[in-house]
Amino acid sequence: MGTVYEELRDLLRAGRPVALATVIAGPHVGAKLLVRPGEEPLGTLGDPDLDRVVARDTLAELEAGLTSTRHYGAHGEAREDAVHVFIESFAPPPRMIVFGAVDFTGALVRVAKVLGYRVTVCDARAVFATVQRFPLADEVVNDWPDRHLAKVGDELGPRDAVCVLTHDHKFDVPAIAAAVRTGVGYIGAMGSRRTHEGRLARLRDAGLTDEDLARVRSPIGLDIGARTPEETAISICAEIVAARTGRQGRPLRDTAGPIH
Amino acid sequence: MRDVLDDIERWRAAGRRVAVARVVGTEGSSPRDPGAAMAVSDTGEVAGSVSGGCVEGAVVEAALEVLAGERERGVVSFGYSDDEAFAVGLTCGGTIHVFVEPLDW
């Protein structure tokens, strides 16, 4: 077993969940406790009772994806102020699954990587879904969208995104129908407004309710006049950020209130 | 931390000592959230950031002092004040608390 830092480094590189508690004020400034789900904590804050309480609180913060400073007594007592502990959660990176290995996909993968996503490209057509075409993707999967989501859909949560770029009813209807059955936070589907209307009818035929359809952002992206694949990728990723933060995507010049 | 790991590893492999500065608290408007991290090598190389560029110079100075044993590891705070127009602060008007420590753990 290496040091606390080396264990943290290895878990971060593996994309595994981990949280680090550091005493930033109190008797043992700099003392560390590394917390991993399902494993004993590594390190100590200098007191076994404090370790126990902080390990419990840190695990809860990690599950909620929170980072904050908490205050304790010297032995972990609540409502005391002797020890300040900074608890930093490192949740695994959010995931993006892009269905459709088309021209727009390469640009979307590049922009999503800049934003820190773990990106999967999935297409049923083996000639298009190749690592050579999408060198930056973390994973290129040659499969049908619904079959792929049947395998990984349970892992998707509010921070994750599904982008359907296939442009082909044969693929995008099953992809969207499978995506709305997951807990994924963002579902976007590419297509003109006319394509969108036609697809809505097919999705209703496939059994999707109005509530399901309301989750699908189609045509995909914010209205910034994007034309090239790169501009379109920015438009899509901007919509994903705005969807997560609950903002409208208007110019800050035209809005009031806090920016962050 | 994640975004400065590669630089830290490079410096460690070259036998350099490293300090890490992390945002542990903010008040008011501030560009980076708690957890934003900066790493500084004992030769003064820098990776990452803790603000929009407003206080990085002062954080590097604090980190080098910690590495030289001239300053204890601990929290350094930066905020805007009318009285100290030339002191280091955030142009956006907020306050940030940065924990600076050597990477000896």
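Data block above holds the structure.
Criteria and cut-off values
Residues numbered from 1 in each chain as written. Chains lettered and ligands numbered in written order. Predicted model: local features only at pLDDT ≥ 70, side-chain atom pairs only at ≥ 80, totals over all residues. Heavy atoms only, no water. Buried < 20%, exposed > 50% of the residue type's maximum accessible area, 1.4 Å probe, protein only. Helix = DSSP H or I, 4+ residues; strand = E, 2+ residues; numbered from the N terminus. Pairing = 2+ DSSP bridges. Contact = heavy atoms within 4.5 Å. Salt bridge = Lys/Arg side-chain N within 4 Å of Asp/Glu carboxyl O. Polar contact = N/O pair within 3.5 Å; in protein donor to acceptor, adjacent residues only side chain to side chain. Nonpolar A, V, L, I, M, F, W, Y, C, P; charged D, E, K, R; others polar. Axes fitted to C-alpha atoms, helices over the stretch in contact; angles between N-to-C directions. Parallel < 35°, antiparallel > 145°, perpendicular 65-115°, else oblique. Left-handed = near helix turned anticlockwise from the far one by under 90°. Phe/Tyr/Trp six-rings, centres within 6.5 Å; stacked < 30°, edge-to-face > 60°.

1. Examining the pairing of strand S5 (residues 83-90) of chain A
Residues and elements named next belong to chain A.
Okay, step 1: Burial runs high along S5: seven of the eight residues are buried.
Okay, step 2: With seven bridges connecting them, strand S1 (residues 18-25) and S5 associate as antiparallel partners. Among the inter-strand pairings, Leu20 is bridged to a residue of S5, identified as Glu88.
Okay, step 3: Summarising the sheet, strand S4 (residues 68-72) and S5 pair through five bridges and their orientation is antiparallel. Following the sheet pairing, Thr69 is matched in S5 by Phe86.

2. Let's talk about the interface of chain A and chain B
Okay, step 1: Contact residues are listed per partner, giving 24 residues for chain A and 22 residues for chain B.
Okay, step 2: Inspection of the region where chain A meets chain B yields five salt bridges.
Okay, step 3: Here chain A and chain B share ten residue pairs in polar contact (both at pLDDT 80 or more) between them.
Okay, step 4: Breaking the side of chain A that touches chain B down by element, the ones donating at least two residues are helix H1 (4-13), S1 and S5 of chain A.
Okay, step 5: Among the elements that take part in the side of chain A that touches chain B, H1(A) stands out by supplying seven residues, more than any other.
Okay, step 6: Grouping the constituent residues of the side of chain A that touches chain B by class yields 13 nonpolar, six polar and five charged.

3. Some thoughts on the environment of Leu103(B)
Okay, step 1: Note on placement: Leu103(B) falls in the segment after strand S5 (95-102).
Okay, step 2: Here Leu103(B) falls in the buried class, since its relative accessible area comes to 16%.
Okay, step 3: For Leu103(B) and Ser77(B), which are 26 residues apart along the polypeptide, the C-alpha to C-alpha distance reads 20 Å.
Okay, step 4: Aside from chain neighbours lying at most four places away, what touches Leu103(B) is Tyr5(A), Ile8(B), Arg12(B), Val18(B), Ala19(B) and Val20(B).

4. Quick word on the environment of Val98(B)
Residues and elements named next belong to chain B.
Okay, step 1: Considering the arrangement of structural elements, one finds Val98 in strand S5.
Okay, step 2: By relative accessible area, which is 0% here, Val98 ends up buried.
Okay, step 3: The contact partners of Val98, leaving out residues within four places of it in the chain, are Ala21, Arg22, Val23, Gly74, Val75, Val76 and Phe78.

5. Structural notes on the packing of helix H5 (residues 169-179) of chain A against helix H6 (residues 193-205) of chain A
Residue and element names in this part refer to chain A.
Okay, step 1: Two elements in contact, H5 and H6, have axes whose closest approach is 10 Å; the angle formed by their N-to-C orientations is 60°. By the angle between their axes, H5 is oblique relative to H6. In this structure, H5 crosses over H6, and the sense of that crossing is right-handed. In this structure, H5 contributes His169, Asp172, Val173, Ile176 and Ala177 to the contact, and H6 contributes Thr195, Arg199, Arg202 and Leu203.
Okay, step 2: Residue classes in the contact of H5 with H6 are distributed as four nonpolar, two polar and three charged.

6. Some thoughts on the packing of aromatic side chains
Okay, step 1: Considering all chains together, one arrives at two aromatic pairs over all chains under this definition.
Okay, step 2: Relative to Trp105(B), the ring of Tyr5(A) has its centre 6.0 Å away and its plane inclined at 85°; by these criteria the two rings are edge-to-face. With Tyr5(A) in helix H1 and Trp105(B) in the segment after S5, this pair bridges two chains.
Okay, step 3: By relative accessible area, Tyr5(A) is classed as buried at 1%.
Okay, step 4: Ring centres of Trp144(A) and Phe171(A) lie 4.9 Å apart, and the angle between their planes is 45°; this geometry places the pair in the tilted category. Placement of the pair is Trp144(A) in the loop between strand S8 (139-142) and helix H4 (145-152) and Phe171(A) in helix H5, with a sequence separation of 27 residues.
Okay, step 5: Residue Phe171(A) is classed as buried on the basis of its relative accessible area, which comes to 5%.

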